[in-house]
Amino acid sequence: MSRIVVKVGSNVLTRKDGKPNVTNMSALVDQMSSLRASGHEVILVSSGAVACGRGAVSPRRQLDSVASRQLYSSIGQIRLINLYNSLFAEYDIVIGQVLTQKENFASRTSYLNQRACMLTMIENGVIPIVNENDTASLTELMFTDNDELSGLIATMVDADMLIILSNVDGIYTGSPSDPTSRLIERVAPGQDVSGNVVASKSGFGRGGMGTKCGIAGKVSDEGVAVIIACGERPGVLVDLVERPETVPHTLFEPNPESLSNVKRWIAHSASFAKGTVSVNRRAAEVLRSDRAVSLLPIGVTGAEGEWEEGDIITVIGPDGETVGVGRASISSAETKMLMGQRGSRPVIHYDYLYIE
């Protein structure tokens, strides 16, 4: 048995006119039901709410991007979840709706509350269907897209695999439309394939293959296998899990040294940082080594921002590059007072430090 997070993009779930693609949705539900029957646990991260809502109403006046997302998502989320409910009910499967926002991941307490909720749902045979709460999210605090959300969910629930279904078969050596491009079938831990990604997006989605590639690399580095594949291929989900050699896809191989749950949370928390600490070259080298070391005040050369114990802060190296991110053990005031000194509490303890 394995725990699988499935992320389905808007371009798979909606037709060109913005209406739900019931044929694709029904096929995917059938496959997720089959995986469940085989003993796998499934969590669905589903886009499509905004696109579904866009096809249902015509605004009376021109709306800005935030107002239009709020309007369309408020309508579309109902349509989307009702469709899923009807489709899964045919297999006697109960679903539960999980609407979340990026700021819910900023606090360790909120993070653990969400995790407990979803694990309880899974334990009781309920399939969580997750989406961003667009009606309440502010533009600057929105997820890049649901690829980013699916990565957070996969690491949060200790998934074995994240499957990102798009409208292409995976990562190519160039543009997927270029006949000379070839599919990259496997990406080793730490391998960078971002240079192969063509910066483009299509249809209703917010993100593109560049986002998918970045999220896949980060999540696989944290110990979760990530697959990018085409969601419109018949039987793609079941094939990817049970007969992966029969369907084209890109696999980001998981790092065998899986991170703890708390470090997985910290790894995705850089956007919530309250400040930065600069470190000298020696400290940067030690932190990046294989040694289990904390960041001590003696290695700190500067501190910017204001934070309290428990807040997220970013560690910057002598050349301005990001070394890592962590949960502060002491406040910014104490850090500034102690920096450069020996024998003090760590600025960030090793257990709460993620190195980029």
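As a reminder, the structure under discussion sits directly above these lines.
As a starting point, this report considers the structure included with it. (Residues numbered from 1 in each chain as written. Predicted model: local features only at pLDDT ≥ 70, side-chain atom pairs only at ≥ 80, totals over all residues. Heavy atoms only, no water.)

1. Looking at the sheet that holds strand S7 (residues 225-230)
Then comes step 1: Read across the sheet, eight strands follow the order S3-S4-S2-S1-S5-S7-S8-S6 without closing on themselves; strand pairing throughout is mixed. The open sheet terminates on both sides in strands that have one partner only, identified here as strand S3 (95-100) and strand S6 (186-187).
Then comes step 2: Strand contacts of helix H4 (residues 65-89): strand S2 (41-46), S3 and strand S4 (127-132), with the helix running at about 155° to S3, the strand carrying the most contacts.
Then comes step 3: On top of the sheet, helix H5 (residues 108-123) reaches strand S1 (3-8), S2, S3 and S4; it is set at about 145° to S4, its chief contact. (Pairing = 2+ DSSP bridges. Helix = DSSP H or I, 4+ residues; strand = E, 2+ residues; numbered from the N terminus. Contact = heavy atoms within 4.5 Å. Axes fitted to C-alpha atoms, helices over the stretch in contact; angles between N-to-C directions.)

2. Points about H5
Residues spaced three or four apart along an α-helix point in a common direction, a consequence of the helix completing one turn every 3.6 residues.
Then comes step 1: With 16 residues, H5 should reach 22 Å at 1.5 Å per residue; the first-to-last C-alpha distance of 22 Å fits that figure.
Then comes step 2: Taken as a whole, H5 has its buried residues at Arg108, Tyr111, Gln114, Arg115, Met118, Met121 and Ile122. Viewed along the axis of H5, the buried residues span an arc of 150°, placing them on a single side of the element. Of the exposed residues in H5, those oriented more than 90 degrees away from the buried face are Thr109, Asn113 and Glu123.
Then comes step 3: The N-cap of H5, judged by a side-chain oxygen 3.2 Å from the amide nitrogen of threonine 109 a few residues on, is serine 107.
Then comes step 4: Phi turns positive one or two residues past the end of H5, at glycine 125, with a value near 80°. (Expected span 1.5 Å × (residues − 1). Buried < 20%, exposed > 50% of the residue type's maximum accessible area, 1.4 Å probe, protein only. Arc of directions from axis to C-beta. Polar contact = N/O pair within 3.5 Å; in protein donor to acceptor, adjacent residues only side chain to side chain.)

3. A few points about the environment of leucine 83
Then comes step 1: Position of leucine 83 relative to the elements: it lies in helix H4.
Then comes step 2: The sequence separation of leucine 83 and proline 20 amounts to 63 residues, and the corresponding C-alpha distance is 8.8 Å.
Then comes step 3: When sequence neighbours within four positions are dropped, the list of residues in contact with leucine 83 reads Pro20, Val22 and Met25.

4. Side note on the packing of aromatic side chains
Then comes step 1: For the coordinates displayed, the defined rule picks out three aromatic pairs.
Then comes step 2: Arranged with centres 6.2 Å apart and planes meeting at 70°, the rings of phenylalanine 105 and tyrosine 111 form a pair that is edge-to-face. Taken individually, phenylalanine 105 and tyrosine 111 each receive the classification buried, so the pair is uniform in this respect.
Then comes step 3: On the basis of an interplanar angle of 50° and a centroid distance of 6.1 Å, the ring pair of tyrosine 111 and tryptophan 265 is categorised as tilted. Taken together, the residues span a long stretch of sequence, with tyrosine 111 in helix H5 and tryptophan 265 in helix H9 (residues 261-267) at a distance of 154 residues. (Phe/Tyr/Trp six-rings, centres within 6.5 Å; stacked < 30°, edge-to-face > 60°.)

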